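The chain contents come next:
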Amino acid sequence: SDSFYRFRHALYRRALKQRLPPPRLRSLHRRIGESLEAAYGDSAAEIASQLLSHFEACEDLGRQVRYHQAAAAGAASRFAYQDAIAHIEAALALN
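Residues numbered from 1 in each chain as written. Predicted model: local features only at pLDDT ≥ 70, side-chain atom pairs only at ≥ 80, totals over all residues. Heavy atoms only, no water.

### Quick word on the overall build of the chain
Then comes step 1: Counting its regular elements, the chain contains five helices and zero strands.
Then comes step 2: Going from N to C terminus, the chain has its helices and strands arranged as α-α-α-α-α.
Then comes step 3: Projected onto the principal axes, the alpha-carbon positions of the chain cover approximately 40 × 30 × 25 Å.
Then comes step 4: Here the chain holds 95 residues, and 28% of them are scored as buried.
Then comes step 5: Counting contacts in the chain only where the partners sit at least 6 residues apart, residues at least 24 apart contribute 34% of the total.
Then comes step 6: As presented, the chain carries roughly 7,100 Å² of accessible surface, and 53% of it is formed by carbon and sulfur atoms.
Then comes step 7: A gap of 12 Å separates the mean positions of the 13 positive and 10 negative side-chain charges of the chain. (Helix = DSSP H or I, 4+ residues; strand = E, 2+ residues; numbered from the N terminus. Buried < 20%, exposed > 50% of the residue type's maximum accessible area, 1.4 Å probe, protein only. Contact = heavy atoms within 4.5 Å. Areas by Shrake-Rupley, 256 points an atom, 1.4 Å probe, with all protein chains shown as cover. Lys, Arg positive; Asp, Glu negative; His and termini not counted. Charge placed at Lys NZ, Arg CZ, Asp CG, Glu CD.)

Spelled out as structure tokens, the structure:
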């Protein structure tokens, strides 16, 4: 069965994040990001911002660039050009 965790309150999430050692937290973010990527498959770009937050947290530069580009394309398709530019600039800064 598919399972996932959603925190009822941001304070719970913050408290948990503060208690986890940084390597463990990075590992969890990587696993979550990879699981979401696998679940969405070819549609992963639809949740680019969510994936981006996990891959930023686990410091996966290649995937950060990929999902900044996907988020930029999504923003441009919604005529949110400032957001698109911000994502492209962030991706370029990583290279």
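### Quick notes on the nonpolar core
Then comes step 1: Among the nonpolar cores identified, the biggest contains 11 residues, and these are Leu36, Ala44, Ile47, Ala48, Leu51, Leu52, Phe55, Cys58, Tyr67, Ala70 and Ala71.
Then comes step 2: Sorting the residues of this core by element identifies helix H3 (48-57) and helix H4 (61-77) as the ones contributing at least two each.
Then comes step 3: Broken down by element, the residue count for this core peaks at four residues, all from H3.
Then comes step 4: If we skip the residues at most four places from it in the chain, Ala48 touches Tyr67, Ala70 and Ala71. (Core = buried A, V, L, I, M, F, W, Y, C linked by side-chain atoms within 4.5 Å.)

### Here we look at helix H2 (residues 22-40)
Since one α-helical turn is 3.6 residues long, residues separated by three or four positions face the same way.
Then comes step 1: Given a rise of 1.5 Å per residue, 19 residues ought to cover 27 Å, and the 27 Å separating the end C-alpha atoms of H2 matches this to within 8%.
Then comes step 2: Restricting attention to buried positions, one finds in H2 the residues Leu25, His29, Gly33, Leu36 and Glu37. When H2 is viewed along its axis, its buried side chains cluster within an angular range of 105° and face the same direction. Counted as exposed and oriented over 90 degrees from the buried face of H2: Pro23, Arg31, Ala38 and Ala39.
Then comes step 3: Turning to H2, the residues buried within the fold contact helix H1 (10-19), H3 and H4. (Expected span 1.5 Å × (residues − 1). Arc of directions from axis to C-beta.)

Structural measurements only, silent on function.
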